[in-house]
Each structure stands twice: as structure tokens, then as C-alpha cells.
Amino acid sequence: MSDAPKKSKRLHFKGDPKPKKKKKKVKTEAEDDDLDDASLDSSAWVPALKSLHVTGPTFIQFISPPSVITYNSTLNKPILSLLPPPPAGGSDAPAPSYEPDDVCQVWVATRLSGSEKITLRSADGKFLASDQHGLVSAEREARGPQEEWTPVEQPDGTFAFQSVYDKFLGMDEVAGGGLVLRADSEAVGFAESWVVKVQAKFRRQAERAGRESHQRSVEGVGGGVLLNEVDQTAKFQTWGAGRRIVSQEDERELKKARKEGRLAEAMLDRRAKLKSDKFAK
């Protein structure tokens, strides 16, 4: 028998378009992360790896002694609740993986538009806040500057939370062995380091949104200079009620400026003409 490959029995006619060859898509590292998340249940608790992952239902844990930031509805304030101690067995024993077992241990993180800041809202609708003296509370149902926090990534995989007064949220041990929350530290140390867990669904969504935002900022990707201008407008405008006003001038001027290497300057000039840029004269 001949080993020649069998020819297709499909009829071909002159003028038929040639079939396109499928290109094999090379998966990026970020897409691989998405596939890993896709294998998890949407409600599974996973560690936040980047500050942009801190969104949606959030579990904020202190390392040692194991404790978690909890909203106490009776006292109407946030407290540190002790978690079960790790099992005995020395350093060789596996570290326990904690997850929330009560809704009062969960805070809903919401990112402010065009900012790295977030708010943390309890199940009772109260926002975690800090005043200028570092006193931590959760009494208000409306957010303001004192209810804003900036998650800061640490080299060891933990997070620090910076208040609007540039102080960091931390744990303080008081007389009698009690634990209290403070936000008066000017530097990040062990007491200001927190392990953050979020649900897999929200980490996956945040990763995709971050990748799309990065693509929009790359030259010629995701809409080019027009989308870049929209992002810049959202960042620097001072119009109220969430309005965004973009220059109606010809976009070709921006494309020309991009080729000449003066895109940022051209965008600033356009915003200055709108008299809406707080940094433009």
C-alpha cells in the first residue's frame, strides 16, 4: 500500500477563497493567571497579589497573633478578633489558611474612580475610617476623605493601608493583652502588615480590568490617543457629579503630537482650554 497522504474529497473551484490558517495564540503570563483562577470556584477565597486585586468582599488578617478586622455591631466599631491558634508542631507544621466564618469579618472594598484609593464597607453599611489622631472607627454610612485608604504592596506579599493623613493602619497591644486598631504610624513595620484575601471572581475581574487599562495606555492599542485622553481627563478633571468633558478639537492633532513625542503636552493644552484641569494654568 502507498504511504502517500490522502487527498481531500471536497470539491474546489477556481476563484474560491483560500482557507485562512489559524494562528496559534501564545498565552501571556497574565492569561495563565486567569486560567488558574477559572479553575477555582467564584466564591473561593484567594490571596490578593497586587493592590488592584483588593476589590469586592475582602478579608483582612493580621499575622501574629492570628486575628482579623471585624465590625462589632454591638459596640458600633471595628475590632481585632482572635482567630484559632495554629496547630502545635513547631516550624514544620503547615501554616493554617484562614477564611471568614462570619459576615462581620468581611469588608467590601470599592475602588474610587481614577484613583488607587479604596473604601472598606462593613456588612452593616458602615465605612472604616481614621481621623487625624489615628483613631479608627466605622460609624458613618457615607464616605468622605477619612474613609479613603490606599493599599500599599509590601515585598513579603502583605499589604499596608495608608489613610488620607499618610499614616498606616496597624495593630497595637494594650495593657491586659488586648488588641486595638490604630492608624498613626508614619512607617510600615510588622504591626502595619496585613494579609488580604478576596474572592476569586473579583480578583479575576480586577486582573482583566488592569490589563485592559494597560493596553489602552500603550500606543495604538485599545483605541489609541482618544481613549488615552479620556483616561487622562478622568484623572485630572475637577468637574463635579462625576462628569467628564473631553475636548472636541480634531483628534488628528493628538496623533501628530504622539508621533512628535509631545503627546502629554498636547493633552495638557487641550485640558487647559477647557479650564477644567486643576494642574493647568
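Residue numbers run consecutively from 1 along every chain, following the written order of its sequence. With pLDDT at 70 or above as the cut-off, local features in this predicted model cover only qualifying residues; side-chain atom pairs require 80 or more to be listed or tallied, and sums for whole chains, interfaces and linings still use all residues. Side-chain metrics rest on all non-hydrogen atoms present in the structure, leaving aside hydrogens and water.

**Examining the nonpolar core**
Right, so step 1: Nine residue types can take part in a nonpolar core, namely buried Ala, Val, Leu, Ile, Met, Phe, Trp, Tyr and Cys, and a core is a set of them joined through side-chain atoms within 4.5 Å. Buried means the residue's accessible area, taken with a 1.4 Å probe over protein chains only, is under 20% of the maximum for its type, while exposed means over 50%, and partly exposed covers the values in between. Counting 27 residues, the largest nonpolar core has Ile69, Leu120, Trp149, Phe161, Leu169 and Trp194 as its most contacted members.
Right, so step 2: Only DSSP runs of H or I with at least four residues qualify as helices, and only runs of E with at least two residues qualify as strands; both kinds are numbered from the N terminus onward. Elements with a minimum of two residues in this core: β2 (56–62), β3 (67–72), β5 (107–111), β6 (118–121), β10 (159–162), β11 (168–173), β12 (179–185) and β13 (194–199).
Right, so step 3: Only heavy atoms matter for contacts: two residues are in contact if any of them lie within 4.5 Å across the pair. If near-sequence neighbours (up to four positions away) are discounted, Trp149 is found in contact with Glu116, Lys117, Ile118, Leu120, Leu128, Ala129, Ser130, Phe161, Gln162, Ser163, Leu169 and Ala183.
Right, so step 4: Counting residues in hydrophobic clusters, the runner-up holds 6 residues, among them Trp45, Phe59, Val68 and Tyr98.

**Let's talk about the confidence of the model for the protein**
Right, so step 1: When pLDDT is averaged along the protein, the result is 80, and 68% of the positions lie at 70 or above.
Right, so step 2: In predicted models, pLDDT denotes the confidence assigned by the predictor to each residue on a 0 to 100 scale. In this model, residues 219–223 is a region of pLDDT below 50 whose contacts with residues beyond four sequence positions or in other chains number 7 contacts.

**Observations regarding the pairing of β3**
Right, so step 1: Burial analysis of β3 places 5 of its 6 residues in the buried class, which makes it a mostly covered element.
Right, so step 2: Pairing between β2 and β3: 2 bridges, direction antiparallel. Bridged to Phe62 within β3 is Ser67.
Right, so step 3: With antiparallel pairing between neighbouring strands as the criterion, β2 and β3 make up a hairpin whose turn holds 4 residues.
Right, so step 4: When β3 meets strand β4 (residues 77–82), the two strands line up antiparallel, connected through 6 bridges. Within β4, the position partnered with Asn72 by the bridge is Lys77.
Right, so step 5: Two strands form a pair only when DSSP identifies at least two bridges running between them. As consecutive antiparallel partners, β3 and β4 are separated by 4 residues, and within that stretch Asn76 has a phi angle of approximately 60 degrees, a positive value.

**Topic: the packing of aromatic side chains**
Right, so step 1: What counts as a ring pair is set by centres within 6.5 Å for rings of Phe, Tyr and Trp (its six-membered ring), and what kind of pair is set by the plane angle: stacked under 30 degrees, edge-to-face over 60, tilted for all other angles. Tallied over the entire structure, the rule returns 3 aromatic pairs.
Right, so step 2: Summarising the aromatic geometry, the rings of Phe62 and Trp194 are spaced 5.5 Å apart at their centres and angled 65 degrees between planes, so their arrangement reads as edge-to-face. Within this pair, whereas Phe62 is found in strand β2, its partner Trp194 is found in strand β13, the two being separated by 132 residues in sequence.
Right, so step 3: We classify Phe62 as buried; its relative accessible area is 0%.
Right, so step 4: Judged by its relative accessible area of 0%, Trp194 falls in the buried class.
Right, so step 5: Taking the centre distance of 6.4 Å and the plane angle of 90 degrees together, the rings of Tyr71 and Trp107 count as edge-to-face. Of this pair, Tyr71 sits in strand β3 while Trp107 sits in strand β5, and the two are 36 residues apart along the sequence. Exposure class is identical for Tyr71 and Trp107. Each is buried.
Right, so step 6: Feature note: the residues Phe62, Phe190 and Trp194 constitute an aromatic cluster, connected by ring pairs.

**Focus: the packing of helix α4 (residues 252–260) against helix α5 (residues 263–274)**
Right, so step 1: For every element, the axis is a line fit to its C-alpha atoms; helices are fit only across the contacting stretch, and the angle between N-to-C directions ranges from 0 to 180 degrees. At their nearest, the axes of α4 and α5 sit 7 Å apart, and the two run at 150 degrees to each other. By the angle class used here, α4 and α5 are roughly antiparallel. Along the contact surface, α4 presents Leu254, Ala257 and Arg258, while α5 presents Leu263, Ala266, Met267 and Arg270.
Right, so step 2: Amino acids are sorted into nonpolar (Ala, Val, Leu, Ile, Met, Phe, Trp, Tyr, Cys and Pro), charged (Asp, Glu, Lys and Arg) and polar (every other residue, Gly among them). When grouped by side-chain class, the residues that make up the contact of α4 with α5 number 5 nonpolar, no polar and 2 charged. Angles below 35 degrees are treated as roughly parallel, those above 145 as roughly antiparallel, those between 65 and 115 as roughly perpendicular, and all remaining angles as oblique.

**As for the environment of Glu192**
Right, so step 1: Counting through the fold element by element, Glu192 comes out in the loop between β12 and β13.
Right, so step 2: Distance from Glu192 to Gln162, taken between C-alpha atoms, is 9.6 Å for residues 30 residues apart in sequence.
Right, so step 3: When residues no more than four places from it in sequence are discounted, the contact partners of Glu192 are Phe159, Ala160, Phe168, Leu169, Gly170, Ser185 and Ala187.

**Concerning α5**
In an α-helix, one turn spans 3.6 residues; hence positions three or four apart end up facing the same way.
Right, so step 1: In a helix, the anticipated span is given by 1.5 Å times the number of residues less one. When the terminal C-alpha atoms of α5 are compared, their 17 Å separation across 12 residues agrees well with the 16 Å that a helix rising 1.5 Å per residue should span.
Right, so step 2: Of the positions making up α5, those classed as buried are Leu263, Ala266, Met267, Arg270 and Arg271. Viewed end-on, α5 has its buried residues packed into an arc of 135 degrees, placing them on one side of the element. For α5, the exposed residues lying more than 90 degrees away from the buried face are Ala264 and Glu265. Along the arc lie the directions from the helix axis toward the C-beta atoms.

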